[in-house]
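What follows is the residue order along each chain.
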Amino acid sequence: MLELANKRVLLGVSGSIAAYKSAELVRLLCKQGAQVRVVMTATATEFIQPLTFQALSGNVVYSAWDDADRGDGMGHIELARWADVIVIAPASADFLARLRQGMAGDLLTTLCLASDGTIAVAPAMNRLMWENAATKENLAVLKQRGIHILGPGTGGQACGEVGLGRMLEPEQLARDIPTLFSTGILSGTKLLLTAGPTREPIDAMRFLSNRSSGKMGYALAQAAIEAGADVTLISGPVALPSPSRAKRLNVNSADEMYDAVMSEVAANDVFISAAAVADYRPANPSKEKVKRKDDNVDLALTQNRDIVASVAALPNKPFTVGFAAETSDVEVHARGKLERKGLDLIAANQVGEGQGAEVDDNAMTMYWADGSQHLEKTTKNKLARQMVAIIGEHYRAES
Ligand code: C5P
């Protein structure tokens, strides 16, 4: 099972002899489907070569301040935004002290300071350093700030002593890292979600479709799984790996998607309609490939059934969430759809100008009958987690 499919893990390596074990950690994270980028402190590079991490992660390794720079001096902010989670393993006593102080004297501490996401540290140090009041106080403060502390373990140490302070074994860390994504807000709920485009056949070879990549829907499916939901994903044709632990049903046309949704929906508490369903289909699709003629062709289109509106009209309707991708007057159109389709929540965004379909970043506003919340532009993975938190909150308030 790919527990970390599509996840972006930024692995920070600080100066400790345990740094060599992080090479194995990178391998295990990649094996679970994660994209891994490694940032090393200067001291870490004295313990292990950046090339080792580069070969294992398949990405360049960052260490010096300007390694992440692409000419605008903003590389550190980009890297922090890129990460779904920052894991510092090993985290030396010195690194923990600097993190606690909010120092930004090198790339790795700066990234942590510039991140509003999940940060975890795997301490590694001699047992007396671990037991020192200064370290204890640093850890307590970091914990209180919401930083996850993984370990340390106990056992023999490089200095010959035995006790607490060993970095957790890579296998253990590779098991712990996926749990950093769990929130539990949708525990015990069944959630049905559509994603991707639909294809409306014109003839045996051709179809009408749209630019949807499915990324937003798949990120939502993954975020819902992490929030504890039992997820069924009805997907149009996309080139994305299945989220771990989702039941996935593949469809092509809006009609097939309608049928799949209607046969699954009764068992579900929440329905999210993230698919870009075609509003129209060719009225008379041909079984044969249509031959070129020496004339123009008119393509007659007929309306597809509105899936999300049909779900919202069911007597025992699930908590229903729709999407509105608009090129103008986002709020007006979104609120119109919220009401007309009988939705509980609608996620609306401006499309075009490098936003919306096909891209990795997105901004979104969630509207409900008497309120709204804007979510700033960020990666679709992070956005999905924020959206699931809002969906969970509203679902809980109504049920
Ligand atoms: O009306 P519009 O297509 O912009 O509405 C978008 C919302 O309606 C999305 O949530 C989309 O998944 C859903 N929809 C649907 N069935 C259709 C068309 C759109 O469920 N036939």
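Counting from 1, residues in each chain are numbered in the order their sequence is written. Predicted model: local features are reported for residues with pLDDT of at least 70 only, side-chain atom pairs are reported and counted for 80 or more only, and whole-chain, interface and lining totals are derived from all residues. The basis for every side-chain value is the complete set of non-hydrogen atoms in the structure, without hydrogens or water.

### Looking at the packing of helix H10 (residues 215–226) against helix H14 (residues 380–398)
Right, on to step 1. Angles here are taken between N-to-C directions and fall from 0 to 180 degrees, while the axes themselves are lines fitted to C-alpha atoms, restricted in helices to the stretch in contact. Every helix listed is a DSSP run of H or I at least four residues long, and every strand listed is a run of E at least two residues long, numbered separately from the N terminus. Direction vectors running N to C along H10 and H14 enclose 55°, while the axes themselves pass 8 Å from each other. Between H10 and H14, the angle is such that the two are oblique. In this structure, H10 meets H14 at a crossing whose hand is right-handed. Along the contact surface, H10 presents Lys215, Met216, Ala219, Leu220, Ala223, Ala224 and Glu226, while H14 presents Lys380, Asn381, Leu383, Ala384, Arg385, Met387 and Val388.
Right, on to step 2. Amino acids outside the nonpolar list (Ala, Val, Leu, Ile, Met, Phe, Trp, Tyr, Cys, Pro) and the charged list (Asp, Glu, Lys, Arg) are all regarded as polar, and Gly is one of them. Residues of the contact of H10 with H14, tallied by class, amount to 9 nonpolar, 1 polar and 4 charged. An angle below 35 degrees is treated as roughly parallel, one above 145 as roughly antiparallel, one from 65 to 115 as roughly perpendicular, and anything else as oblique. Take the far helix as your reference; a near helix turned counterclockwise from it by less than a right angle gives a left-handed crossing, and one turned clockwise gives a right-handed crossing. Note on contacts: a residue pair qualifies if any of its non-hydrogen atoms lie within 4.5 Å across the two residues.

### Digging into the domain arrangement of the protein
Right, on to step 1. Examined at the domain level, the protein breaks down into domain 1 (8–181) and domain 2 (190–398).
Right, on to step 2. Boundaries between domains were set according to an automatic or database domain assignment. Computed from C-alpha atoms alone, the centre-to-centre distance between domain 1 and domain 2 is 38 Å.
Right, on to step 3. Each partner contributes to the interface: domain 1 provides 7 residues, whereas domain 2 provides 9 residues.
Right, on to step 4. Summed over both partners, the accessible area (1.4 Å probe) lost when two parts come together is defined as the buried area. Of the roughly 720 Å² buried where domain 1 meets domain 2, counting both sides, 32% is carbon and sulfur surface.
Right, on to step 5. Three residues, Arg81, Asp84 and Phe181, lead the burial of domain 1 against domain 2; their summed loss comes to 71% of the area buried on that side.
Right, on to step 6. Here, a salt bridge means any side-chain nitrogen of Lys or Arg that lies within 4 Å of a carboxyl oxygen of Asp or Glu. Along the contact surface separating domain 1 from domain 2 lie 2 salt bridges.
Right, on to step 7. Note that Asp361 is salt-bridged to Arg81, the shortest N-O span being 2.8 Å.
Right, on to step 8. Each polar contact in these results corresponds to two N or O atoms within 3.5 Å; when the atoms are within protein, one needs to be able to donate a hydrogen and the other to accept it, and residues that are neighboring in sequence are counted only if both atoms are side-chain atoms. For the interface between domain 1 and domain 2, the tally reads 5 residue pairs in polar contact (both at pLDDT 80 or more).
Right, on to step 9. Element by element, the count of residues in the side of domain 1 that touches domain 2 is highest for helix H4 (residues 75–82), at 3 residues.
Right, on to step 10. Along the lines of polarity and charge, the residues of the side of domain 1 that touches domain 2 split into 4 nonpolar, no polar and 3 charged.

### Quick look at the packing of helix H1 (residues 19–31) against helix H3 (residues 50–57)
Right, on to step 1. Where H1 meets H3, the closest approach of the two axes is 9 Å, and the angle between their N-to-C directions is 10°. Between H1 and H3, the interaxial angle falls into the category roughly parallel. On H3, the residues that touch Ala19, Ser22, Ala23, Val26, Arg27 and Cys30 of H1 are Thr52, Phe53, Leu56 and Ser57.
Right, on to step 2. Residue classes in the contact of H1 with H3 are distributed as 6 nonpolar, 3 polar and 1 charged.

### Quick word on the nonpolar core
Right, on to step 1. Among the buried residues, those of types Ala, Val, Leu, Ile, Met, Phe, Trp, Tyr and Cys that are joined through side-chain atoms within 4.5 Å form a nonpolar core. Per-residue accessibility, obtained with a 1.4 Å probe over protein chains only, is compared with the maximum for each type, and a residue is labelled buried under 20%, exposed over 50%, and partly exposed between these values. Core analysis: the largest hydrophobic core is formed by 37 residues, its most contacted members being Leu191, Leu220, Ile272, Met366 and Met387.
Right, on to step 2. Residue assignment for this core shows that the elements contributing at least two residues are strand S8 (190–195), H10, strand S11 (230–235), strand S13 (270–273), strand S16 (319–326), strand S17 (345–350), strand S18 (361–368) and H14.
Right, on to step 3. Counting residues per element, this core draws most heavily on H10, at 8 residues.
Right, on to step 4. Those residues in contact with Leu220 that lie beyond four places of it in its chain are Leu193, Ile272, Ala274, Phe323, Ala384, Met387 and Val388.
Right, on to step 5. In this structure, Val9, Leu28, Ala44 and Val87 belong to the second largest nonpolar core, which totals 33 residues.

### Side note on the pairing of S13
Right, on to step 1. In S13, alternate side chains face the same way, and those of Val270 and Ile272 on one face and Phe271 and Ser273 on the other are all buried.
Right, on to step 2. What makes two strands pair is DSSP finding at least two bridges between them. Bridge analysis of S8 against S13 gives 4 bridges, and the strand direction is parallel. Considered in S13, the bridge of Thr194 is made with Ser273.
Right, on to step 3. Summarising the sheet, S13 and S16 pair through 3 bridges and their orientation is parallel. Paired with Val270 across the strands is Phe319, a residue of S16.

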